[in-house]
Each structure stands twice: as structure tokens, then as C-alpha cells.
Amino acid sequence: MELYAKRYRCELVSFETKDEGMAYFHKHYREIDAIILDALFVVSSTEEDVKEKALNQCLEEIARLEEREGSYFPRVIYTAQSRILDDEDFEENRSIKVFEKVDDPIDLFSHIKQQIEGRKDSQLKKLYGNFVSVCDSPLFEGADLWMKFLPALEAIHENKSLDTSVSVGALRRILDRVSKTMADYGMIPSDLTNGSASLTLVSIFLSGRTADLRRDGLKYQMIDPILPSLYLSAFRFILDATGVANHEEWEKDEKLKDHSICEYEELIPNNQLLKTATFVAMDLVVGVNEFISKNPDSLVNCKNWVELTEKSSFQKAEQGGDLTKIGNVIAVIGTGAAFFQPDGSTDSSENGYIPKGFVQDNCIERGARLKVKMKVTKAGKYEVTKIIDILS
């Protein structure tokens, strides 16, 4: 049996009682492709008599879960009981195929394979095989990511409407899991993914701005962007598309109404926004997986950001080291020089002077977003010593 299972790339999980098997089924049904049942077995470990009662109870529980989830689980009976094999009505009465236990169960596995390939979710798994492997990778273990995407993908491929509330909820949970995975590998501070933080703060942090956890008195700043800008845009797009996800929120505040996905879907009921967000989320999951696969060291990754103290990280510059900051050009003055305001700075004394040469060489204008190095002059002022990157 095991040999043929391997040939058909099946992993068998066996149980001796109905209670054990159904407990596993209810917990892991999203991962199960098919079910092989014996005809006679016991209901629980406290019983000794093997009866058809256990089989009938299994079939009833499977049917109830199928009705609840709107899915189908291929199942067969594999038995040596001649009474059941000779009963012509057994299969019809239970709507299940019966196979005789033999040394070479090739017919059994061929049937199961055919049944599995006929399932919608199996067809999608085959179509999105590479993505499914990412969802099943150790980075997202236990997250059930594929099943979060599946309802939307089934609707998309059947050209049906998506359930807005279900899709929005799934996308937000996907963003939450992606954020937690990034925190696990040092890409973002773990404080941004606990109960006192939010996905909005994660998005702010990833964009290079200061993430301010006012409730906890913490501030974090990215030094070097660690993901390509397209992935950061993907995170923000999904967040914006699912931001105000239900009528209750915008009925309380009319200002939110124009930004509600529910309102949008009422005006343009074609689900294209949610369908797009679904595929963007798939790309985001793949992008984060690829980055972590190449950069698995959390201690190295966390060097890309800093926690800002009450005195701010400018203190480091005052101790003699250059300071790397991201921020905006707030003014270009008549002499041709400019002034730079770091993200998170509320004190004008922390603004940096950009010499005329840097402004001219880099065609810097007011409002430009820069990544720079600064130092403290003898006069105690901040001056930009290098333009590392022009972000926008």
C-alpha cells in the first residue's frame, strides 16, 4: 500500500478508530485530498466490536462538512469483506466506490488520482503549483495561506462574483501573516505586529517613514529599504483597497464613505479591484519568501532599521559618527542650497543643510525625498555630506 502511495505521490495518514480519524479530518480537512475507508472498524478505542456503524458515521460527518464548506472529498472503501464486495447495492446506497483489498492496489490509486484531479481546488493547485509550494514552505507553516486565497481564486476562474467581506477578511489576514513573518526574520520590528500596532504602521515603516507607536512610546525608522519598491507598493495597495471594509464603519463616519470597498463594489460591481488585490497579494507573498530565503539571518536584517529614542538617533552623530536618514527637502533657498527635514523630526534644529553643489549635481527640488548622510558641524548644525539615493 505504501509503495503505491509513493508512486502516486500520496501521503497516507492511517487511523484505527472512527473517532481518531474524524478528529484528524475535522482539524486538517483543508489539507486532505481524498479519504480511504475500511468497511468494518471500531468507533472508538473503548469498543471492541467492528461494525458498519463506524463507516456510516464517517460518511455522515464527511457529508456534513462538505455541505458546510461547499467542497467535495473523494472517498473509497477498501475492504476484504466478501459480504460487502458481493452486495450489488452497497455502493449505490452509500454513493461510494468499493475496492477489494489486493496485493496490487493500482486500480484504487488510479481512481483516487482521477477523482482528485477533478476537484476544482486540485486543478487550481496544479495551475498555481509554484505558489502553492511557497504557501507550504516553512516560512508560512501553519498559516493556511493557500486556503485563504482559494475562495477568491475559485470565483475568479469560474467568472463568479467574489464575496466582498470574505475576500477583504482573507486579504487582511494574509497581510497580517506576511507582517509577522517579516518580523520573525528581523525585516521589521516585532512591536509593529503585536496587539498595540497595526498594518498601517507596518506600511508606514516599510515606506521609510517613522513608525510611531504612540501608545507604547516607541518609534522605529528604516535605514535601508529591504524590499523592492514594487513590493512596498503592493502592501500599500492591498491595505488601501481593504482599509474600510464594511458599511458599519463608514455609516458612523461619512468621511470614510468614499474610501469604502463596499461603496466601491456597489458603484462598480465587477470585483475587479478585489481580484487585482488577490493577485497582488500572491506576488507579495512570493516576494517576501524569496527575500527571506536569500537573507535568513534576522540579526543581519534588523540592522536595516533603528529604534529612535526620545533624544532621537541624532545623538549618534553628535558622538562623531555619520547619520543616515530619510526625509524630504523642505526648502531651496536663493543661494542654491537647500534644507532637508528627516522623517519623524519635529525640531527644526534637526534639519540638515544641503550645500549648493549637491543641489545642482542632483537637480534637487523642494519636496524631493532623499536618503542622505549627515554630520554635525563645529557650530552644532547638521549638514548633508552625501546624497545616498533620490527616492522620489
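Refer to the structure printed above.
Residues numbered from 1 in each chain as written. Predicted model: local features only at pLDDT ≥ 70, side-chain atom pairs only at ≥ 80, totals over all residues. Heavy atoms only, no water.

Draft legend 1. A look at the overall build of the protein. In terms of helices and strands, the protein carries 18 helices and eleven strands. When each of the 392 residues of the protein is scored for burial, the buried share is 44%. Here the contacts in the protein between residues at least 6 apart in sequence split such that 58% fall between residues at least 24 apart. (Helix = DSSP H or I, 4+ residues; strand = E, 2+ residues; numbered from the N terminus. Buried < 20%, exposed > 50% of the residue type's maximum accessible area, 1.4 Å probe, protein only. Contact = heavy atoms within 4.5 Å.)

Draft legend 2. Inspection of the sheet that holds strand E6 (residues 305–308) at higher detail. Strand order in this open sheet of three strands is E4-E5-E6, and the pairing throughout is antiparallel. What marks the edges here is a single partner per strand, and that holds for strand E4 (211–213) and E6. Each neighbouring strand pair of the sheet contributes to a mean axis angle of 20°, computed without reference to strand direction. On top of the sheet, helix H11 (residues 199–206) reaches E4, strand E5 (218–222) and E6; it is set at about 145° to E4, its chief contact. (Pairing = 2+ DSSP bridges. Axes fitted to C-alpha atoms, helices over the stretch in contact; angles between N-to-C directions.)

Draft legend 3. Local environment of the packing of aromatic side chains. Scanning all chains against the criterion turns up seven aromatic pairs. Between Phe25 and Phe73, the ring centres sit 5.2 Å apart and the planes meet at 75°, which makes this aromatic pair edge-to-face. Taken together, the positions of Phe25 in helix H2 (residues 18–28) and Phe73 in the loop between helix H3 (52–69) and strand E2 (75–79) put the pair 48 residues apart, joining distant regions of the chain. In this structure, Phe25 and Phe73 share a single accessibility class: buried. (Phe/Tyr/Trp six-rings, centres within 6.5 Å; stacked < 30°, edge-to-face > 60°.)

Draft legend 4. Broad picture of the sheet that holds strand E1 (residues 35–37). What the three strands build is an open sheet, ordered E1-E2-E3; its pairing is parallel. Because the sheet does not close on itself, it has two edges, and the strands there are E1 and strand E3 (97–100). When strand polarity is set aside, the average angle formed by the axes of neighbouring strands in this sheet is 30°. One ladder, built from four bridges, connects E2 with E3; its direction is parallel. Across the sheet, Val76 pairs through a bridge with Lys97, a residue of E3.

Draft legend 5. Quick peek at unusual backbone geometry. One non-glycine residue, Asn159, lies in positive phi territory at about 55°. Locating Asn159 in the fold gives a position in the loop between helix H9 (145–157) and helix H10 (164–184). In this structure, Cys363 is a non-glycine residue whose phi angle is positive, near 50°.

Draft legend 6. Local environment of the pairing of E2. Where burial is concerned, most of E2 is hidden: five out of the five residues are buried. A two-sided burial pattern is seen for E2, the buried positions comprising Arg75, Ile77 and Thr79 on one face and Val76 and Tyr78 on the other. The pairing of E1 with E2 spans three bridges and is parallel. Each residue of the ladder has a partner; that of Leu37, found in E2, is Ile77.

Draft legend 7. Region of the structure containing the environment of Asp240. Locating Asp240 in the fold gives a position in helix H12 (residues 229–241). Put simply, Asp240 and Thr200 are 40 residues apart on the chain and 9.3 Å apart in space, counted from C-alpha to C-alpha.

Draft legend 8. Molecular detail of the pattern of salt bridges. Applying the stated criterion across every chain, the model contains ten salt bridges. Between Asp33 and Lys125 there is a salt bridge, and its shortest N-O distance comes to 3.9 Å. Separated by 92 residues along the polypeptide, Asp33 in the loop between H2 and E1 and Lys125 in helix H7 (residues 120–127) bring together distant segments of the chain. Residue Glu52 is joined to Arg83 by a salt bridge in which the shortest nitrogen-to-oxygen separation is 2.6 Å. Of the two residues, Glu52 sits in helix H3 while Arg83 sits in helix H4 (residues 82–85), which places them 31 residues apart along the sequence. A relative accessible area of 18% means that Glu52 is categorised as buried. Within this structure, Lys18, Asp19 and Glu61 form a network of salt bridges that share partners. (Salt bridge = Lys/Arg side-chain N within 4 Å of Asp/Glu carboxyl O.)

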